[in-house]
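Descriptive structure summary
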There are 2 protein chains.
Amino acid sequence: MSWRTTRATASPGLAPKRVAVIDLGSNSWRLVLYSYEPGDWWKLTDELHETVRIGAGMGEDDCLQEDAMVRGLETLSVFARFCKASGVAGDDVHAVATSAIREAANQQEFLTRAHRAAPELTVEVLSGEDEARMGYLAAVNSTTLREGAVLEIGGGSLQLIEVSRRRPGDLRSFELGAVRLTERFLPGTGPAGKADLRRLRKFVTKQLSELPWLADRGGRLVGIGGAVRNLASAAALAAQQPDIGVQGFQITRDTLSGLVGELAGMSQAERGRVPGIKPGRGDIVLAAAATIEAVLEFAQVEGIETTEAGLREGVFFERVLLAGREPLFDDVRVAAVRNLAIQYESDLVHVEHVALLSLQLFDSLADQKVFTPTPGERELVWAAAMLHDVGMTISYDDHHKHSRYLILSGGLPGFDPRERALIAQMSRYHRKGDPKLGFLAPMMRDGDQEALERGASLLRVAEHLERGRDQAVHEVRVRRNGDAAALHLRASGDITLPRWSVERYGDAELFERAFGRRLDLD
Amino acid sequence: MSWRTTRATASPGLAPKRVAVIDLGSNSWRLVLYSYEPGDWWKLTDELHETVRIGAGMGEDDCLQEDAMVRGLETLSVFARFCKASGVAGDDVHAVATSAIREAANQQEFLTRAHRAAPELTVEVLSGEDEARMGYLAAVNSTTLREGAVLEIGGGSLQLIEVSRRRPGDLRSFELGAVRLTERFLPGTGPAGKADLRRLRKFVTKQLSELPWLADRGGRLVGIGGAVRNLASAAALAAQQPDIGVQGFQITRDTLSGLVGELAGMSQAERGRVPGIKPGRGDIVLAAAATIEAVLEFAQVEGIETTEAGLREGVFFERVLLAGREPLFDDVRVAAVRNLAIQYESDLVHVEHVALLSLQLFDSLADQKVFTPTPGERELVWAAAMLHDVGMTISYDDHHKHSRYLILSGGLPGFDPRERALIAQMSRYHRKGDPKLGFLAPMMRDGDQEALERGASLLRVAEHLERGRDQAVHEVRVRRNGDAAALHLRASGDITLPRWSVERYGDAELFERAFGRRLDLD
């Protein structure tokens, strides 16, 4: 036997579909490659990035400057070469340009030269409303936002979108991007003057007055863009929270004001060295932070929720993954959990059955007042049950620990960091060990330790009821029997294996600690 | 679009083949499920375990005791039920029994009752030589052992196998298992007496005298079995080494003697609480440790190397994965690295090309005396290049960190812990960051930090030469050019992308620090 060369794919199944989305922003340009199977899963599988700053120096005459164009054309030809090498072409390449190119007086010259440099690519210039719509789609497909607003801040423009019942209302784009505002109000490399910041905020607030729906609106605000992600990361690190990614992280207004104050006292170079802020963003991050601060103030909202999705995901969702239907996932959390489960090649029939049995246990224990669920607890148990086995893709040994690692690494749009941490810890403890919040404790609330114990205990019982992975136990209910909780099963055929398995590994001790009752298997 | 239910497989590609191996040992019984594709990859995907102690109390009349048989028959019917639920049957189930059942005077009675309890399973009783051969196969297929010996210690028996040019010489089985020796020499639950331990060692040494080839042999000894793994784990933890698994870990003679002394001073229950020793093994681990100590003394070898493979892998390799040929991997390290790369669905053509370019750089820099490789360094660079992208299976973002996690979790038979740590760190730093040994430093040697920097630098350059994943750059050589190292490329077609990529991300600064020369791309 020879260990032959296999052209394995970078994703589950055989050959997945692939598309490239190219985002020619005012500050940075990015090419991302997505692999996907419509209706099944999607995944970002490669990325090229260049800080082109195509909008640099546009201030005076609204023209793209020659040196910026040269940088852009070189980058475009590299991107085209990458698409060719990757075998992605034609309709599978979506290249979109935003604010700087949209507003440029010499846009046509740039597009002509771009076509010459990379004839394989067709650059589409998004209108301000289209750009805002892509941001909206990214936000509502990666968070549970139903009512509120979306803010997207880039190098050239700021988008604000009204959201009600998950649908977009007013979609607006303003020339209030971080590169633009930095050049206009904060051009120095040293600390920023208070007066300059005041002028910047005033300028922003004045333009916001065009949005009566936003004034004093309150409620939720979801933020998109590298600046929001970096500020969230800086806030999380400053609060000494464990670093599990900023998806769903909320920057409160107070925290943001504190950050603006600190950043203002630093030079541009120092700002780029603040943990969480990327060095290449040090010069424009303050303008972005002050702009967001002005929006929070104007709208009277308590904070901004971070999502890692952005314009590129908006394009991908609308034009590719969800093409041909209203481009909204039916349920963001369900889509996120299933996407992860499928990518890690879980036995979906098995994990869905474990989820079913876990929730039957959960519901009948709650119905009988054995415990009182905390808000949202049921959905976390469901997600943990769906994902408890993802670590098997790494190895059977210690797969519970690997599941935690994969869940924490996976982002799970729709859940905030505390929720992701709880899902991860429930999965971690679905087999053995004494459930503890551990290094994730700093992001937890009162009652979460107990919820973790309950979730881990239910997963153990449900997993062992379904040990044969054959759905032999159809249904489980709990009845109070004196001071015990008695399991009642409906099953088809022989239940030797589930009984043996629950007795050995169902962990009656943990159950008793979590629910205050003896587990009785009859 | 609905997020439909897919019956995804727990492994790459579509439906992999599956077999069950059932090991009816004298102490514990285990069922393991392997998924595999012959000639391509294999993986343990499920496991059931029960401490049956079928050999307990056999001492007096060499008969399996009634209560032990009842425990065994119940376990067997659970295993049969699991196979049925898993859809694994007939020739795909390999059930083998070892020492206790082999030696039992009432073996036939047990087999008859076993057939009645689980008619689907055919229990094969391995001869002592067959048992030894399975251990030998596990050892030579999971380590680089060519000359030396293999030791396998179970509950009932001890196997010793002579190995020369990777082939087995004398294959012997002795009734010196840990359960047997504990019952005979160390029956108390408190600390062990010195005299008892002396008698045990003397008894072992006396039987070893049947093996003239082993006396004062020196050289390498590979150890198999749960006792060896637990002792290695205890030794690694006591030495405060980072816990990355014991595959390839060497327990030195001095360390083992120290452990025997400590364990002897403890009660059985205390032994089971020593970090690294499983609680269920507390009562028999001392007898196993003292037996191994006697073997090291008799053979005059410096230590015992741990492998996580065992009897079950031996059965799987011989009868399934490598059936129909000499059951030896051509090269254990190559097989292990490729197995991991394929499981994590790497683009093999790409990673093999990165490995090729990395080694071309390595060789031409070494040929020109730009650096002097440390022993084994070249193979570690190869392995890191082959595995640098495995983390992509988790997510593109931070895939270099995920690669480290997967490599450390993967075991990588054929490499010792220090080597695995270096491969993992080279992969970790193939994209960015300042290469550091970090938490793995405690297991490193002088010069490893420099080797890590060189390896990481070569991977960065090679990866970006192959950024299009299209093998456009066929060959790279380095020539000294004044104080610079100039890259010379042979390529087909346009090399815009590799040039851009190496200039941006090849990290000339790291290269200069690692090799003391400026990187010159001409």
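Scoring rules and cut-offs
Sequence order as written defines residue numbering, which begins from 1 separately in each chain. Lettering for chains starts from A, numbering for ligands starts from 1, and both go in the order in which the items are written. A pLDDT threshold of at least 70 governs which residues receive local features in this predicted model, and a stricter bar of 80 or more applies before side-chain atom pairs are shown or counted, although totals over entire chains, interfaces and linings include all residues. The basis for every side-chain value is the complete set of heavy atoms in the structure, and neither hydrogens nor water enter the calculation. Contact between two residues is taken to exist if any of their heavy atoms lie within 4.5 Å; hydrogens are not considered. Two parts placed together each lose some accessible area; with a 1.4 Å probe, that loss summed over both constitutes the buried area. One side-chain nitrogen of Lys or Arg within 4 Å of one carboxyl oxygen of Asp or Glu is enough to make a salt bridge. Any N or O atom pair separated by 3.5 Å or less is treated as a polar contact, with the protein-specific requirement of one donor-capable and one acceptor-capable atom, and with residues adjacent in sequence counted only for side-chain atom pairs. By definition, any uninterrupted DSSP run of H or I lasting at least four residues is a helix, any uninterrupted run of E lasting at least two residues is a strand, and each is numbered from the N terminus. Centre distance within 6.5 Å is the pairing criterion for rings of Phe, Tyr and Trp, where only the six-membered ring of Trp is used; planes under 30 degrees apart are then read as stacked, over 60 as edge-to-face, and the remainder as tilted. Relative accessibility thresholds used throughout: buried, under 20% of the residue-type maximum; exposed, over 50%; partly exposed, between the two (1.4 Å probe, protein chains only). Here the copies are superposed with least squares, the fitted atoms being C-alpha atoms of residues at a pLDDT of at least 70 in both. The pairing criterion for strands is at least two bridges between them, as found by DSSP. In this analysis, axes come from line fits to C-alpha atoms, helices being fitted only over the stretch in contact, and the angle between any two N-to-C directions falls in the range 0 to 180 degrees. Every angle not falling under 35 degrees, over 145, or within 65 to 115 is termed oblique; those three ranges are roughly parallel, roughly antiparallel and roughly perpendicular. Note: crossing handedness is left-handed where the near helix turns anticlockwise from the far helix by less than a right angle, and right-handed where it turns clockwise. Three categories are distinguished: nonpolar for Ala, Val, Leu, Ile, Met, Phe, Trp, Tyr, Cys and Pro, charged for Asp, Glu, Lys and Arg, and polar for the others, with Gly belonging to the last. Put simply, a nonpolar core is a bunch of buried Ala, Val, Leu, Ile, Met, Phe, Trp, Tyr and Cys residues held in one set by side-chain atoms that sit within 4.5 Å of each other. The span expected for a helix works out to 1.5 Å for each residue beyond the first.

Across the contact, 70 residues belong to chain B and 70 residues belong to chain A. Interface area for chain B against chain A, summed over the two sides, is near 6500 Å², with a carbon-plus-sulfur share of 51%. Counting across the interface, chain B meets chain A through 12 salt bridges. Where chain B touches chain A, the interface holds 24 residue pairs in polar contact (both at pLDDT 80 or more). If you list the elements that add at least two residues to the side of chain B that touches chain A, you get β3 (41-50), α1 (66-86), α12 (332-343), α13 (348-367), α15 (399-409) and α18 (496-505) of chain B. Top contributing element to the side of chain B that touches chain A by residue count: β3 of chain B, with 10 residues.

This part covers the packing of aromatic side chains. Going through the model one piece at a time under the given rule, you end up with 25 aromatic pairs over all chains. With 5.9 Å between their ring centres and 85° between their planes, Trp 42 of chain A and Phe 317 of chain A make a pair best called edge-to-face. Separated by 275 residues along the polypeptide, Trp 42 of chain A in strand β3 (residues 41-50) and Phe 317 of chain A in helix α11 (residues 311-321) bring together distant segments of the chain. Using a relative accessible area of 12% as the deciding quantity, one classes Trp 42 of chain A as buried. Phe 317 of chain A gets classed as buried once you look at its relative accessible area, which sits at 3%. Ring centres of Phe 371 of chain B and Phe 515 of chain B lie 5.4 Å apart, and the angle between their planes is 75°; on these two criteria the pair is classed as edge-to-face. Within this pair, whereas Phe 371 of chain B is found in the loop between α13 and α14 (377-387), its partner Phe 515 of chain B is found in helix α19 (residues 508-515), the two being separated by 144 residues in sequence.

Here we take up the pattern of salt bridges. Tallying each qualifying case throughout the model produces 86 salt bridges over all chains. Salt-bridge contacts for Arg 325 of chain A lead to Asp 330 of chain A; the nearest nitrogen and oxygen are separated by 3.3 Å. Given the relative accessible area of 23%, Arg 325 of chain A is considered partly exposed. Owing to a relative accessible area of 55%, Asp 330 of chain A belongs among the exposed residues under this scheme. In this structure, the salt-bridge partner of Arg 319 of chain B is Glu 124 of chain B, at a minimum N-O distance of 2.6 Å. Here the residue Arg 319 of chain B occupies a position in helix α11 (residues 311-321), and Glu 124 of chain B occupies one in strand β5 (residues 123-125), the gap between them amounting to 195 residues. The class for Glu 124 of chain B is partly exposed, based on a relative accessible area of 32%. The structure contains a network of salt bridges with shared partners spanning Asp 46 of chain A together with Asp 347, Asp 389, Arg 467 and Arg 469 of chain B.

A few words now on the relation of the copies chain B and chain A. Overlaying chain B on chain A yields an RMSD of 0.0 Å, the required transformation being a rotation through 180° with an accompanying axial translation of 0.0 Å. Taken together, the rotation and translation relating the two chain copies correspond to the operation of a two-fold axis. When the interface residues of chain B are mapped onto chain A, 100% of them again lie at the interface, so the same face is used by both copies.

Residues and elements named next belong to chain A. Burial within strand β2 (residues 29-37) is extensive, with 8 of its 9 residues counted as buried. Sheet topology note: the strand β1 (residues 17-24)/β2 ladder contains 8 bridges and is antiparallel. Looking at the pairing, Leu 24 lines up with Trp 29 of β2. Here β1 folds back onto β2, and the loop between the two strands holds 4 residues.

All names here are of chain A. With 6 of 8 residues buried, β1 lies mostly within the body of the structure. Strand direction decides the pairing type here: β1 and strand β4 (residues 93-97), joined by 5 bridges, are parallel. Counted as the bridge partner of Ala 20 is Val 93 from β4.

All right, on to the sheet that holds strand β14 (residues 518-521) of chain A then. All names here are of chain A. The 3 strands are arranged β12-β13-β14 in an open sheet whose pairing can be described as mixed. Both edges of this open sheet fall to β12 (473-481) and β14, since each of them pairs with a single strand only. Neighbour to neighbour, the strand axes of the sheet diverge by 30° on average, direction disregarded. Direction of pairing for β12 relative to strand β13 (residues 484-491): antiparallel, over a ladder of 8 bridges.

Our next topic: unusual backbone geometry. All names here are of chain B. Even without a glycine there, the phi angle at Arg 53 is positive, about 50°. A relative accessible area of 17% means that Arg 53 is categorised as buried. Positive phi is not limited to glycine here, since Leu 412 has a value of about 40°. Along the chain, Leu 412 falls in the loop between α15 and α16 (417-428).

Our next topic: the packing of α14 of chain B against helix α17 (residues 448-465) of chain B. Two numbers describe a pair of packed helices, the interaxial angle and the distance between the axes. Residue and element names in this part refer to chain B. Where α14 meets α17, the axes come as close as 10 Å, and the angle between the chain directions of the two elements is 45°. Compared by their axis directions, α14 and α17 come out oblique. As α14 runs across α17, the sense of the crossing is right-handed. Mapping the contact onto sequence places Glu 377, Val 381, Ala 384 and Ala 385 in α14 and Ala 451, Arg 454, Gly 455 and Leu 459 in α17.

So, about the side chain of Arg 102 of chain A. By the secondary structure assignment, Arg 102 of chain A is in helix α2 (residues 99-103). When sequence neighbours within four positions are dropped, the list of residues in contact with Arg 102 of chain A reads Gln 107, Val 125, Leu 126, Ser 127, Gly 128, Glu 131, Ser 157, Gln 159 and Ser 173 of chain A.

Time to look at the packing of α13 of chain B against α17 of chain B. Residues and elements named next belong to chain B. Between α13 and α17, the shortest axis-to-axis distance is 8 Å and the interhelical angle comes to 130°. Taken together, the axes of α13 and α17 lie oblique to each other. For the pair α13 and α17, the crossing hand works out as right-handed. Across the interface between the two elements, His 350, Val 354, Leu 357, Ser 358, Leu 361, Phe 362 and Leu 365 of α13 pack against Leu 458, Leu 459, Val 461, Ala 462, Glu 463 and Leu 465 of α17. Taken together, the residues that form the contact of α13 with α17 break down as 10 nonpolar, 2 polar and 1 charged.

Turning our attention to the sheet that holds strand β7 (residues 158-164) of chain A. Residue and element names in this part refer to chain A. Across the sheet, which stays open at both edges, the 6 strands sit in the order β8-β7-β6-β9-β11-β10 with mixed pairing between neighbours. Where the open sheet ends on each side, the last strands, each with one partner, are β8 (167-174) and β10 (250-252). Taken over all neighbouring pairs, the strand axes of this sheet differ in orientation by 25° on average, direction set aside. Two strands pair when backbone bridges link them, and strand β9 (residues 220-224) and strand β11 (residues 303-306) are joined in this way by 2 bridges, in the parallel orientation. Among the inter-strand pairings, Gly 223 is bridged to a residue of β11, identified as Thr 306. On top of the sheet, helix α4 (residues 128-140) reaches β6 (148-153), β7, β8 and β9; it is set at about 130° to β8, its chief contact. Contacting β10 and β11, helix α8 (residues 253-264) runs over the sheet at an angle of about 70° to β10.

All names here are of chain B. On the secondary structure map, Ala 227 appears in helix α7 (residues 226-238). Here Ala 227 falls in the buried class, since its relative accessible area comes to 4%. Residue contacts for Ala 227: discarding those within four places in its chain leaves Ile 153, Arg 281 and Ala 288.

Among the nonpolar cores identified, the biggest contains 123 residues, and Leu 387, Leu 412 and Ile 423 of chain A together with Leu 387, Leu 412 and Ile 423 of chain B are the most heavily contacted of them. Those residues in contact with Leu 412 of chain B, other than ones at most four positions away along the chain, are Gln 247, Ala 336, Val 337, Leu 340, Leu 387, Ile 407, Arg 420 and Ile 423 of chain B. Core analysis: the second largest hydrophobic core is formed by 54 residues, Leu 211, Val 228, Ala 290 and Leu 296 of chain A among them.

Below, the discussion takes up α7 of chain B. Side chains of residues three or four places apart in an α-helix project in the same direction, reflecting 3.6 residues per turn. Residue and element names in this part refer to chain B. Relative to the 18 Å expected for 13 residues at 1.5 Å per residue, α7 spans 18 Å between its end C-alpha atoms, a close match to the ideal helical length. Most of α7 sits out of view: 10 of its 13 residues are buried. Those residues of α7 that fall on the buried side of the exposure criterion are Gly 226, Ala 227, Val 228, Asn 230, Leu 231, Ala 232, Ser 233, Ala 234, Ala 235 and Ala 236. Where α7 is buried, its residues touch β6 (148-153), β9 (220-224), β10 (250-252), α8 (253-264), α10 (285-299) and β11 (303-306). Just downstream of α7 lies Gln 240, where phi reads positive at about 55°.

A word on the environment of Pro 119 of chain B. Residue and element names in this part refer to chain B. Along the polypeptide, Pro 119 turns up in the loop between α3 (107-117) and β5. Residue Pro 119 is classed as partly exposed on the basis of its relative accessible area, which comes to 49%. Sequence separation of Pro 119 and Gly 72 is 47 residues, and the distance between their C-alpha atoms is 14 Å.

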